[in-house]
Amino acid sequence: MKYIDNNLVQKKMGSRLLRNKLAKLFFLLATLFGLFVLVILIYRVIRDGAAWIDFDFINNKLSTDPERAGIMGAILGTLWLMLVVAPVTMILGIGTAIYLEEYAKKGKLQALIQTNISNLAGVPSVVFGLLGLTVFVRGMDLGNIVLAGGLTMALLVLPVVVVAAQEAIRAVPGFLREASYGMGATKWQTIKNVVLPASLPGILTGTILALSRAIGETAPLVVIGIPALLIPLPDGVFDKFTILPVQIYYWTLDSALVAEYTNLAAATIVILLVVLFLMNSVAIFIRNKFQQRF
Amino acid sequence: MPALAENNKIQVFTSMEEAPKNVSTKKVVYDTKDLNLWYGDDHALKNINLSIYENEVTAIIGPSGCGKSTYIKTLNRMVELIPVVRISGEILYRERNILERTYKVEDLRTKVGMVFQKPNPFPKSIYENVAYGPKIHGIRDKKTLDEIVEKSLKGAAIWDEVKDRLNENAYGLSGGQQQRLCIARALAIEPDVILMDEPTSALDPISTLKVEELVQELKKDFSIIIVTHNMQQAARISDKTAFFLSGEVVEFAQTDKIFSNPSDKRTEDYITGRFG
């Protein structure tokens with residue numbers, strides 16, 4: 001006796017093939033929906049803002065006059081912020097990842113730290129803003145300067161960098177470590193000469209993606225109270241500052257007062273998107289160029 | 001009389017009547033005494049007693065899971081990379097117990113090189129692979145490094161194949177070449193002993209032959225301990241053979257004796273292919 005009835009198979013064939021097609025259609029639509037929204041967004045910001053982007057817009061300081069207002073302050077603020085965030089997250093993030101992967105004994109404590117780091121990656125950024133306000137701005141009495149904002153942002157993206165670096169380190173095959181230990185290398189020599197070079201592309205990719213997240217974050221810096229006032233261009237990490245997304249936020253907020261602020265916000269969004277696009281391209285380039293297969 | 005003592009030690013584990021020849025002139029490199037090892041609750045090595053001599057090839061054979069790899073990795077304490085390992089007993093290397101807390105593993109592994117089952121060159125240039133060991137031991141001088149690299153690559157019989165592309169990535173080499181590169185890398189730390197953990201199991205027959213010839217050449221200058229799955233290989237290249245089974249040494253004797261006239265029934269069954 002045969003279990004599979006050929007007549008029944010034939011009868012159901014049509015509906016099976018139909019469902020096959022429907023599934024494909026659903027997944028296609030899901031993808032298109034995201035793309036569609038993105039295209040609308042890009043279309044609108046370019047329509048509103050593109051005409052406002054010129055050399056003066058990039059080079060000028062903030063002004064109440066929309067015709068003369070520029071985003072040099074926000075660009076410099078963003079650069080200075082990154083100069084704080086990048087080294088702090090890389091040193092602390094890679095350090096933590098190395099400790100957890102190479103030194104920490106696998107046990108309850110390690111599992112607890114690991115769970116906490118994963119959870120921290122999901123904590124809303126506004127909470128990190130409050131942390132920064134309490135610890136750096138008020139606790140250490142730094143005020144709302146680049147350093148305070150940078151440390152806050154560094155804490156925000158740190159869990160992401162740690163997890164990315166951990167994954168990159170874990171992907172380094174054990175036989176490379178064995179080869180190094182087998183020649184009498186110490187743990188640190190093995191990490192420095194074998195593990196880090198092999199995992200660096202992954203670590204850098206993760207770090208750049210984390211930095212591009214930091215560049216686009218608004219809430220933490222609004223919470224620590226960075227001003228939307230007309231401040232001088234920042235010259236270093238101890239100056240007051242603003243950054244691109246915060247600029248966008250305040251211009252959008254005030255667009256009821258001055259209609260052209262909408263255009264300025266849109267123009268700034270275009271600039272910010274270009275910066276993010278460039279950073280992500282660098283990350284992808286690094287990943288493809290230096291990726292090693294073992 | 002030391003010679004007699006050494007003979008006695010061997011005889012404990014061989015068939016008593018036939019003491020290995022020429023042993024008296026050679027020095028003991030490794031003396032394992034009542035070695036026991038556990039992975040957690042798993043008793044992987046049981047009362048191992050083995051003496052390994054200078055400038056000989058000692059083969060370790062046995063079925064999968066018999067503890068032969070574990071044993072060879074205990075000789076340079078690589079086994080400690082696994083966190084749940086417990087060890088008791090003594091392993092004397094040149095008369096010092098390497099299992100003592102005060103013995104620095106880095107020091108031990110500088111004298112005892114290792115070649116692994118799968119070729120594991122670093123994703124660096126051929127030159128950098130060989131220079132790795134000398135560099136971690138503090139040699140910075142370019143000329144000295146050049147000399148070490150050339151000597152080691154020649155020693156591993158791969159110099160002619162790679163001398164024109166020392167700066168190319170080692171991953172561009174064939175599997176057999178990679179394994180000989182790994183041997184060169186081990187030679188570069190100028191070891192006393194070379195441990196080989198199934199060095200040809202991932203290689204084709206021709207590459208295997210080259211490595212076997214190399215082992216014959218290397219034993220003039222080094223003591224070699226080789227774990228192998230391949231009994232013909234053990235018969236071809238080793239002076240002495242130890243047969244491991246379920247974590248115990250069943251028999252340890254001159255290779256020709258093990259293969260022609262084993263004293264233990266289990267050894268005979270294994271080498272004639274009745275199990276394993």
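Residues numbered from 1 in each chain as written. Chains lettered and ligands numbered in written order. Predicted model: local features only at pLDDT ≥ 70, side-chain atom pairs only at ≥ 80, totals over all residues. Heavy atoms only, no water.

As a further point, take the overall build of chain B. Looking only at helices and strands, chain B has 11 helices and 10 strands in total. Here the C-alpha atoms of chain B give a radius of gyration of 19 Å, agreeing with the 19 Å that 2.2 N^0.38 yields for 276 residues. Along the three orthogonal principal directions, the C-alpha set of chain B runs to about 55 × 40 × 40 Å. Residues classed as buried in chain B amount to 54% of the 276 residues present. When contacts within chain B are restricted to residue pairs at least 6 apart in sequence, those whose partners lie at least 24 apart make up 67%. (Helix = DSSP H or I, 4+ residues; strand = E, 2+ residues; numbered from the N terminus. Rg over C-alpha atoms; globule rule 2.2 N^0.38 Å. Buried < 20%, exposed > 50% of the residue type's maximum accessible area, 1.4 Å probe, protein only. Contact = heavy atoms within 4.5 Å.)

Residue and element names in this part refer to chain A. Two numbers describe how helix α6 (residues 146-170) lies on helix α8 (residues 187-216): the axes approach to 8 Å, and their chain directions differ by 150 degrees. By the angle class used here, α6 and α8 are roughly antiparallel. For the pair α6 and α8, the crossing hand works out as right-handed. Taking contact as the criterion, the partners of M153, L156, V157, V160, V161, A164, A165, A168 and I169 in α6 are, on α8, V195, S199, G202, I203, G206, T207, A210, R213 and A214. (Axes fitted to C-alpha atoms, helices over the stretch in contact; angles between N-to-C directions. Parallel < 35°, antiparallel > 145°, perpendicular 65-115°, else oblique. Left-handed = near helix turned anticlockwise from the far one by under 90°.)

This next bit is on the domain arrangement of chain A. Residue and element names in this part refer to chain A. Structurally, chain A comprises domain 1 (6-52) and domain 2 (56-289). Distance between the C-alpha centres of domain 1 and domain 2: 34 Å. Taken together, the contacts link five residues of domain 1 with 10 residues of domain 2. Together, the buried faces of domain 1 and domain 2 total about 710 Å²; carbon and sulfur atoms form 79% of this surface. Of all residues in domain 1, V45, D48 and W52 give up the largest surface area on contact with domain 2, accounting jointly for 79% of the area buried on that side. Viewed at the interface, domain 2 and domain 1 are joined by zero salt bridges. Split by residue class, the side of domain 1 that touches domain 2 holds three nonpolar, one polar and one charged. (Domains from an automatic or database assignment. Buried area = accessible area lost by both parts, 1.4 Å probe. Salt bridge = Lys/Arg side-chain N within 4 Å of Asp/Glu carboxyl O. Nonpolar A, V, L, I, M, F, W, Y, C, P; charged D, E, K, R; others polar.)

Further remarks concern the packing of helix α7 (residues 175-187) of chain B against helix α8 (residues 205-218) of chain B. Geometry of a packed helix pair, given as the angle between the helix axes and the separation of the axes. All names here are of chain B. Packing of α7 against α8 brings their axes to within 9 Å, and their N-to-C directions diverge by 20 degrees. When the interaxial angle is binned, α7 and α8 end up roughly parallel. For the element pair α7 and α8, the recorded crossing hand is right-handed. Between α7, through G176, R180, I183 and L187, and α8, the contact on the second element is made entirely by S207, K210, V211, L214 and L218. Grouping the amino acids of the contact of α7 with α8 by side-chain chemistry returns five nonpolar, two polar and two charged.

This paragraph deals with the sheet that holds strand β1 (residues 28-39) of chain B. Residue and element names in this part refer to chain B. Spatial ordering of the open sheet is given by β2-β1-β4-β5, a layout of four strands whose pairing is antiparallel. On the outer flanks of this sheet lie β2 (42-53) and β5 (96-97), each paired with one strand and no other. Along the sheet, helix α2 (residues 68-75) contacts β1, β2 and β4 (85-93); its crossing angle with β1, the most-contacted strand, is approximately 120 degrees. (Pairing = 2+ DSSP bridges.)

This part takes up the packing of aromatic side chains. Aromatic ring pairs are reported here in terms of the distance separating the ring centres and the angle at which the planes meet. Within this structure, the stated rule accounts for eight aromatic pairs over all chains. Ring geometry for A:F26 versus A:F27: centroids 5.5 Å apart, planes at 70 degrees, classification edge-to-face. The class of A:F26 is exposed, set by a relative accessible area of 55%. A:F27 sits in the exposed class, given a relative accessible area of 53%. In this structure, A:K187 is placed above the aromatic ring of A:Y103, and the distance from its NZ or CZ to the ring centre is 5.2 Å. Above the ring of B:F122, the side-chain terminus of B:R185 is found at 4.6 Å from the ring centroid. (Phe/Tyr/Trp six-rings, centres within 6.5 Å; stacked < 30°, edge-to-face > 60°. Lys NZ or Arg CZ within 6 Å of the ring centre and 35° of its normal.)

Grouped together as the largest cluster of nonpolar side chains are 48 residues, with contacts concentrated most on A:I71, A:L81, A:V85, A:L221 and A:W251. For this core, the secondary-structure elements that each account for two or more residues are α3 (72-103), α5 (125-139), α6, α8, α10 (244-253) and α11 (261-290) of chain A. When residues of this core are assigned to their parent elements, the largest contribution, 10 residues, is made by α11(A). Filtering out sequence-adjacent residues up to four positions away, A:W251 remains in contact with A:F57, A:L62, A:A69, A:G70, A:I71, A:Y261, A:L264, A:A265 and A:T268. Grouped together as the second largest cluster of nonpolar side chains are 43 residues, B:A188, B:L218, B:I224 and B:I271 included. (Core = buried A, V, L, I, M, F, W, Y, C linked by side-chain atoms within 4.5 Å.)

All names here are of chain B. Taken together, six strands build an open sheet; the order of strands is β6-β7-β8-β3-β9-β10 and the sheet is mixed. Among the strands making up the open sheet, the edge pair consists of β6 (112-115) and β10 (248-254). Adjacent strand axes in the sheet meet at a mean angle of 15 degrees when their direction is disregarded. Across four bridges, the pairing between β6 and strand β7 (residues 193-197) is parallel. Looking at the pairing, M114 lines up with L195 of β7. Contacting β3 (57-61), β6, β7, β8 (223-227) and β9 (240-245), α2 runs over the sheet at an angle of about 155 degrees to β7. Across the sheet, α7 touches β6 and β7, and the angle it forms with β6 is around 170 degrees.

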